[in-house]
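Below, each chain spelled out in residue letters.
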Amino acid sequence: MTDLRTRVRKAVLPAAGLGTRFLPATKAQPKEMLPVVDKPLIQYAVEECLASGIENIIIVTGRGKNAIEDHFDAAPELERFLEEKGKRELAEQVRRISNMIQFSYTRQKEPLGLGHAVLCARELVGDEPFAVLLGDVIIDGAVPATRQLAEVFEATGAGVIAVQEVPREQTRLYGIVDAVAEKNSRWGERLLRIRTLVEKPAPEQAPSTLGVTGRYVLPPEIFDCIERTGRGALGEIQLTDALVLLAQEKGLYALVVEGTTYDAGDKLGFLKATVEFGLKNPEFGEAFRDYLRSLKL
Ligand code: UTP
């Protein structure tokens, strides 16, 4: 049985960052709107929410991010145009996007960090647990990553964050957890209790090689933890620092999620996602595979 204190109904998608790793493409358009094959990045996260039982999505936007709101809004002229041209299937696809789920928006006036972006959603989340999905990360797997985390939250009542093994030489790119395997859990060695987290450590200082990969399910107490967090690395209010407080005060789990993660906010990660989703496309995947094979690499 799950009740309102453990049922995860809401998700926050922070999308107010500047996307500097993807300049110049992100100079005048949000990186969350860059398309992988035929869908903007953020739509993958929205579809993951839908498949995970989320009912309400809160998107944190900022300056220059109007395209995100427009994308998830109704587009009656476009739908009418497509229908008049007999392109009923396309019209239906366009309509489906705005009817998918209930959206709310809030703005982060300045990109003061991921922790600050999450705090901007406090009023809309209220006093209940919620998921956080980074809109530029795609996790592709049989069971959506957010669903995997929600199941841990529903069973334990404690916050849980997604982690995956990363190469030791790349620990500087991730938040890294210091954690011990939870005994006798139904997730076996995949569920760990977090002692602490370190943001982007050097390989020789990393407490493990389990990197945080952009999916979280958190209790509302995280908001107080963020408020008590000062500006950390790069003068930003980091979510990692607030998670350290939460781990100490309320307990926090790490789950090694099943699925393939693409950090598509990074150019190489984006290319990998594009190639792999292209290969899986039912319409032209085969033709694309033939094309790749024909390249003299
Ligand atoms: P990133 O660090 O990947 O995004 O933050 P960024 O700051 O936009 O990108 P780079 O590093 O400069 O290339 C992860 C997520 O958190 C959001 C981003 O939009 C992204 O989806 N974010 C980050 C905010 O909403 N506000 C912030 O102040 C920082």
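In this report, we go over the structure that sits alongside the text. (Residues numbered from 1 in each chain as written. Predicted model: local features only at pLDDT ≥ 70, side-chain atom pairs only at ≥ 80, totals over all residues. Heavy atoms only, no water.)

Before going further, it helps to spend a moment on the overall build of the protein. Broken down by element type, the protein carries 11 helices and 13 strands. At 20 Å, the protein has a C-alpha radius of gyration in line with the 19 Å of a compact globule built from 297 residues. By principal-axis analysis of the C-alpha atoms, the protein measures approximately 60 × 50 × 40 Å. Of all 297 residues assigned to the protein, the portion counted as buried reaches 50%. In the protein, once contacts between residues fewer than 6 apart in sequence are set aside, the share between residues at least 24 apart is 76%. (Helix = DSSP H or I, 4+ residues; strand = E, 2+ residues; numbered from the N terminus. Rg over C-alpha atoms; globule rule 2.2 N^0.38 Å. Buried < 20%, exposed > 50% of the residue type's maximum accessible area, 1.4 Å probe, protein only. Contact = heavy atoms within 4.5 Å.)

Under the criterion given, the structure shown has 24 salt bridges. Here R9 makes a salt bridge to E128, at a shortest N to O gap of 2.7 Å. Of this pair, R9 sits in the segment before β1 (10-14) while E128 sits in the loop between α6 (122-125) and β6 (130-133), and the two are 119 residues apart along the sequence. Judged by relative accessible area, E128 falls into the buried class, the value being 10%. A salt bridge links R147 to E154; its shortest N-O distance comes to 3.0 Å. The burial state of R147 is the same as that of E154; both residues are buried. (Salt bridge = Lys/Arg side-chain N within 4 Å of Asp/Glu carboxyl O.)

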